[in-house]
Amino acid sequence: MTAFNTYSTGTVAIGAGATSIAGSGSNWSGSNAKPGDDIVVAGHTVIVMDVVDPTTLTIDAWPYSAVTSGTAYKIVQRSPLRFAGGDAMAAVSTMVGALDTTGFYFFVAPGLTAPDPSYGSNGQYALQPDTGKLWVKLSGAWSFLGVYKGFSARGAWSGATAYIAGDVVTLNGSSYLCILAHTNQTPPNATYWQLLASKGDIGTVGPSPLLPIASWATATAYVVGPPASYVSNNGSSYMCLAPHTSGTFATDLAAGKWGLVAQKGAGDLTSTNNLSDVASATSAATNLGVVRYGGSQSLSSPQKTQAQSNIGVRKVLTANATYEVNSSTGNDANDGLTTGTAFATTQKAMDVIAALDCSTYDVTVNVTNGTYAALILKSYLGSGSVTFQGNNASPSSVVISASGAALSTTAVGGRFTVSGFRVQSSTAQDVAVSSATSVTLQNMEYNGSSANFRIYANSGGQLTCAGTNHKVLTGGIGLFLVGDGAAKLTTSSSTFTFGANVTYSGATFTARRFGYCECPSMTFALGGFTVTGQRHAIAQCSGTAGAGVSTFFPGTVGGTTDATSFFG
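Keep in mind the model is a prediction, meaning the values are calculated, not measured.

Visitor: Looking at this structure, how should I read the pattern of salt bridges?
Guide: Between side chains of opposite charge, a pair can form when the charged atoms approach closely. Following the criterion strictly, the structure yields 10 salt bridges and no others. Measuring nitrogen to oxygen at the nearest pair gives 2.7 Å for the salt bridge that ties R454 to D430. Residue R454 is found in strand β39 (residues 453-458), and its partner D430 is found in the loop between β36 (422-425) and β37 (431-433); the two are separated by 24 residues along the sequence. Since its relative accessible area comes to 0%, R454 is described here as buried. For D484, the salt bridge goes to R512, with nearest N and O atoms at 2.9 Å.

Visitor: Sorry, what's going on with the sheet that holds strand β11 (residues 125-128) here?
Guide: Strands in a sheet are paired, the pairing made by backbone hydrogen bonds, and the direction either parallel or antiparallel. One open sheet accounts for four strands, arranged β10-β11-β12-β13; its pairing is mixed. Both outer strands of the open sheet, β10 (105-107) and β13 (141-147), are each paired with one neighbouring strand and no more. Between one strand axis and the next, the sheet turns through 30° on average, direction left out of account. Examined bridge by bridge, β10 and β11 share three bridges and lie parallel to one another. Looking across to β11, one finds that Y105 is bridged to Y125.

Visitor: So what exactly am I meant to see when it comes to the pairing of strand β40 (residues 462-472) here?
Guide: Side-chain direction in a regular strand flips from residue to residue, so the side chains alternate between the two faces of the sheet. As paired elements, strand β38 (residues 438-446) and β40 share eight bridges and run parallel to each other. Note that in β40 the partner of S438 across the bridge is Q462. Bridge count for β40 against strand β43 (residues 495-498) is three bridges, and the pairing is parallel. Across the sheet, residue V472 finds its bridge partner in β43, namely F498.

Visitor: Looking at this structure, I do not really get the environment of N366. What am I missing?
Guide: Looking at the secondary structure, you find N366 in strand β29 (residues 363-367). Residue N366 is classed as partly exposed on the basis of its relative accessible area, which comes to 27%. Sequence separation between N366 and L481 is 115 residues, and the spatial gap between their C-alpha atoms is 29 Å. With near-sequence residues (within four places) excluded, N366 lies in contact with T322, Y323, E324, V325 and Q389.

Visitor: Got a minute to help me understand the sheet that holds strand β22 (residues 230-233) in this structure?
Guide: Here four strands make up an open sheet; going across it, the order is β20-β22-β23-β25 and the pairing mixed. The open sheet is flanked by β20 (214-215) and β25 (258-262), the only strands paired with a single partner. Alignment of strand β23 (residues 236-240) against β25, held across four bridges, turns out to be antiparallel. Each residue of the ladder has a partner; that of Y238, found in β25, is L260.

Visitor: Teacher, can you tell me more about the packing of aromatic side chains here?
Guide: For the structure shown, the criterion picks out 20 aromatic pairs. Seen from their ring centres, Y323 and F343 are 6.1 Å apart, and the 20° between their planes marks the pair as stacked. Taken together, the residues Y323 in strand β27 (residues 321-325) and F343 in the loop between β27 and α5 (346-354) connect sequence positions 20 residues apart. Residue class for F343 comes out buried when judged on its relative accessible area of 1%. Geometrically, the ring pair formed by Y446 and F496 is stacked, given 6.1 Å between the ring centres and 25° between the ring planes. Taken as a pair, Y446 in strand β38 and F496 in strand β43 lie far apart in primary sequence, 50 residues in all. F496 matches Y446 in its accessibility class, with the two residues each being buried. Ring pairs connect the aromatic residues Y446, F480, F496, F509, F524, F552 and F553, which therefore count as one cluster.

Visitor: Looking at this structure, I do not really get the pairing of strand β3 (residues 20-24). What am I missing?
Guide: What you see with β3 is a clean split: I21 and G23 sit on the buried side and S20, A22 and S24 on the side with no burial. The pairing of strand β2 (residues 11-14) with β3 spans three bridges and is antiparallel. Looking at β3, one finds that T11 is bridged to S24. Linkage of β2 to β3, two consecutive antiparallel strands, is achieved through a turn of five residues, within which G17 is found at a positive phi near 75°. Where β3 and strand β7 (residues 56-58) come together, three bridges link them in antiparallel fashion. Looking at the pairing, A22 lines up with T56 of β7.

Visitor: Just to check I follow, could you spell out the side chain of N233 for this structure?
Guide: Within the secondary structure, N233 is located in strand β22. Sequence-distant contacts of N233, defined by excluding residues within four places in its chain, comprise W216, Y238 and F249.

Definitions and limits used
Residues numbered from 1 in each chain as written. Predicted model: local features only at pLDDT ≥ 70, side-chain atom pairs only at ≥ 80, totals over all residues. Heavy atoms only, no water. Salt bridge = Lys/Arg side-chain N within 4 Å of Asp/Glu carboxyl O. Helix = DSSP H or I, 4+ residues; strand = E, 2+ residues; numbered from the N terminus. Buried < 20%, exposed > 50% of the residue type's maximum accessible area, 1.4 Å probe, protein only. Pairing = 2+ DSSP bridges. Axes fitted to C-alpha atoms, helices over the stretch in contact; angles between N-to-C directions. Contact = heavy atoms within 4.5 Å. Phe/Tyr/Trp six-rings, centres within 6.5 Å; stacked < 30°, edge-to-face > 60°.

What follows is the structure, encoded as structure tokens:
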């Protein structure tokens, strides 16, 4: 047989007739003591009515003598609540008691339009959480009370938005409340939407504050309105402030019958006085941003440029000019007149010069170290010369590199000097001068990788190689080609220094089709390098002057001159 469990930790004290037992060192919470257990103190047994806290028990009035503190006790744990199901039944009883309350909610499943009529009792409520709909059961039937759910403002209605009950949208000036979840049901579909606020009607148009403006006239009845009479007089406009029949305007105005609306200005662009009342024509022209012809006017440089462009004239130089080019810091949107406002490309400088009237003045373009795209020399107006100045001390620091000709001309006429550059082409000549243009090369390096001529003059081009500092770094068909239309090459007192072994598939010097070369005192410095190929090839009414000996041009194969040409 199994004995009942007991608990006896601590001691107790009980007063005579007391309805509670005070514990010391005890812990009667949890399962140590439950209502229905027996407690044995000083040989007497009573039933525990309730467990108040870990040190207090409730009992019927203690019928025995008082028990002093420190007395031992024993709780015999045989409460019915300790048997299987007892605790659960107690909890169920508590829950049933809570449910047995008027107004308790019954929940309605989503998708149902009303509660099941067989459920619920009178006075009980039914709630559908997803829609917020609320019913109450009266006389055995569910009665709909309304939607009890907070609104959610969703802005303008959209057919792509999924809406739920309580969402509020606007459409065509009205607002609607969603009463059934959906997507793409356009308000005011009553199945899904309930109108909250309707767009109001357009109000009536009020009267115009003023009548159409008319010229003031005497002996005329004017009204305050609305609309009020509105007149013009001597260029100003007025609104009637007091009803009257007009007499003299100045008198009526002084009497407060008219209010000024807009006053005539000091100048009148529409008047027949042709601006004769403008105090300062010069100031007016400046304020209006116009250029005058009847007198002097101070214009900024951009204004001058714009005015010249507007009337189609070139800017005329009154002194020698200088432009700056810098590939690192420049910008072709600049004016190029200072190092701080330099152009980015040499071609931009040439294009600006081509648009000038240079008159009798010279133009110099200073080009800083860097690598630049092809430079095409163009025609310009004037008798002066144009110089592109690179780095004479180190031409390799200023490179003109292109797939076509690095330096070429489309100019008809003009005198150019190009000095202190390395020119190099990957498919054509390094230098190509034509169209009766005169170009002088100084302090140049020729470094093209193409299998072509390094220096080419044709179609009347006049090419001069001046000075002693010309350096040849690569081969090709040949060093010079002069001709193809009465071109001329002058190399007087110039020196070409070779900086590498070169091979020419043609000849070092070629002249054809009326090509002509003046080369007195011209020298070639090989410096230990070799030039492989024919020395010269002269044909078709071409020739040289100043070469002298047949070995003048470097090469490993003798030169040729046909019967129509000469070599001398």
